[in-house]
Each structure stands twice: as structure tokens, then as C-alpha cells.
Amino acid sequence: MFMQKTLSLIKPDATERNITGSINIRFEQAGLRIIAQKRLWLTKTQSEQFYKIHKERAFYDSLCEYMSSGPIVAQILYGKNAVAKNREIMGATNPANAEIGTVRRDFGQSIERNTVHGSDSFENAEIEISFFFSLLEIIE
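Model, not experiment: these values are computed from the prediction.

Thresholds applied
Residues numbered from 1 in each chain as written. Predicted model: local features only at pLDDT ≥ 70, side-chain atom pairs only at ≥ 80, totals over all residues. Heavy atoms only, no water. Helix = DSSP H or I, 4+ residues; strand = E, 2+ residues; numbered from the N terminus. Salt bridge = Lys/Arg side-chain N within 4 Å of Asp/Glu carboxyl O. Buried < 20%, exposed > 50% of the residue type's maximum accessible area, 1.4 Å probe, protein only. Contact = heavy atoms within 4.5 Å. Arc of directions from axis to C-beta. Pairing = 2+ DSSP bridges. Phe/Tyr/Trp six-rings, centres within 6.5 Å; stacked < 30°, edge-to-face > 60°. Lys NZ or Arg CZ within 6 Å of the ring centre and 35° of its normal.

Draft legend 1. Representation of the environment of alanine 96 in the model. Here alanine 96 lies in the loop between helix 5 (82–90) and helix 6 (103–107). Between the alpha carbons of alanine 96 and isoleucine 111 there is a distance of 8.1 Å; along the sequence they are 15 residues apart.

Draft legend 2. Representation of the pattern of salt bridges within the structure. Applying the stated criterion across every chain, the model contains seven salt bridges. A salt bridge links lysine 38 to glutamate 137; its shortest N-O distance comes to 3.0 Å. Residue lysine 38 is found in strand 2 (residues 33–40), and its partner glutamate 137 is found in the segment after helix 7 (122–132); the two are separated by 99 residues along the sequence. Assessed through its relative accessible area of 35%, glutamate 137 is described here as partly exposed. Residues lysine 44 and glutamate 65 are paired through a salt bridge, measuring 3.5 Å at the closest nitrogen-oxygen approach. With lysine 44 in helix 3 (residues 44–50) and glutamate 65 in helix 4 (residues 60–67), the pair connects residues that are 21 residues apart, well separated along the chain. The class for lysine 44 is partly exposed, based on a relative accessible area of 31%.

Draft legend 3. A look at the side chain of asparagine 86. Locating asparagine 86 in the fold gives a position in helix 5. When sequence neighbours within four positions are dropped, the list of residues in contact with asparagine 86 reads Thr6, Leu7, Ser8, Phe27, Leu32, Leu77 and Gly118.

Draft legend 4. Molecular detail of helix 4. Among all positions in helix 4, only Tyr60, Leu63, Cys64, Tyr66 and Met67 are buried. The arc enclosing the buried residues of helix 4, seen along the axis, measures out at 160°, which places them on a common side.

Draft legend 5. Quick look at the pairing of strand 1 (residues 3–10). Where burial is concerned, most of strand 1 is hidden: seven out of the eight residues are buried. One ladder, built from eight bridges, connects strand 1 with strand 3 (residues 72–80); its direction is antiparallel. Across the sheet, the residue bridging to leucine 7 is isoleucine 76, located in strand 3. The sheet contact formed by strand 1 and strand 4 (residues 116–118) spans three bridges and is antiparallel. When the sheet's bridge partners are listed, leucine 9 is paired in strand 4 with histidine 117.

Draft legend 6. Representation of the packing of aromatic side chains within the structure. Following the criterion strictly, the structure yields four aromatic pairs and no others. An aromatic cluster is present here, built from Phe50, Tyr51, Phe131 and Phe132 joined pairwise through their rings. The positively charged end of lysine 38 is found above the aromatic ring belonging to phenylalanine 133, 4.8 Å away from the centroid.

Right, dumping it as C-alpha cells:
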């Protein structure tokens, strides 16, 4: 086990329902620290840039449209094996398939409106973190 950072996004469906605090409690209770956080509203172009890895996938356009439909909370979680721990807390992409007690199962509304995003690897976490945060904004 080693200490690492990962990106966590709380998506527009969650900010719209004012449940960001309920979600963050899950991360903190699991031993992850929020070391940077900001609320912002992505433009469609910014969403397209962030999700460019999925450009060839059928869901790309609707995902980018959705992610620019309202405010999000971008944050960095820090802790032991943070990438894997965050993915465990989030649960499966489709809330219907997620384990009971995970964020997506408890708060997700659909496969698209699934409340949260998390980096899928340490390497992608570094790339995704740098998309949203400068070094001055990260307090370890």
C-alpha cells in the first residue's frame, strides 16, 4: 500500500440535488482526505477536452453535453491506494450493477447520471488532476 492522489468529480446530477456533502462523507469515512476542491461549470469544449479519451465511443457526445449541463465539484482525494479505494467507494458505472452501499448505488440515477467520476489508474489520475488543478491549489 502506498499514498497517492486521485481525481474525484461530483457530477451535475449530484450538485443539482445538493448531496455533495453526503458523498464526501463516504470518502472521508473510508480514510481518504480531500486535499483540493473547487466548484465549477465546465463548458462543452472543456468537457470534450477532458473526456477526449472516449471520443470514439457512442456515449461521448451525450456525456460531454451532460457534464456541461450544470456545476460540478472537482477534487483531489489522497490516501493509501487512493485510486482503487475511490473506485471501490464509487461502485460500478451503472448504478443498477453497483454494490449496495456504494455512492453510485445509493445516489446514482442512471448509467449517465451516475453522480461521480474517478480516475481509473494512477497514470490517468496525474493527467486528470493537472486538467483541473495547479500545484498551488493542492494542500497535502
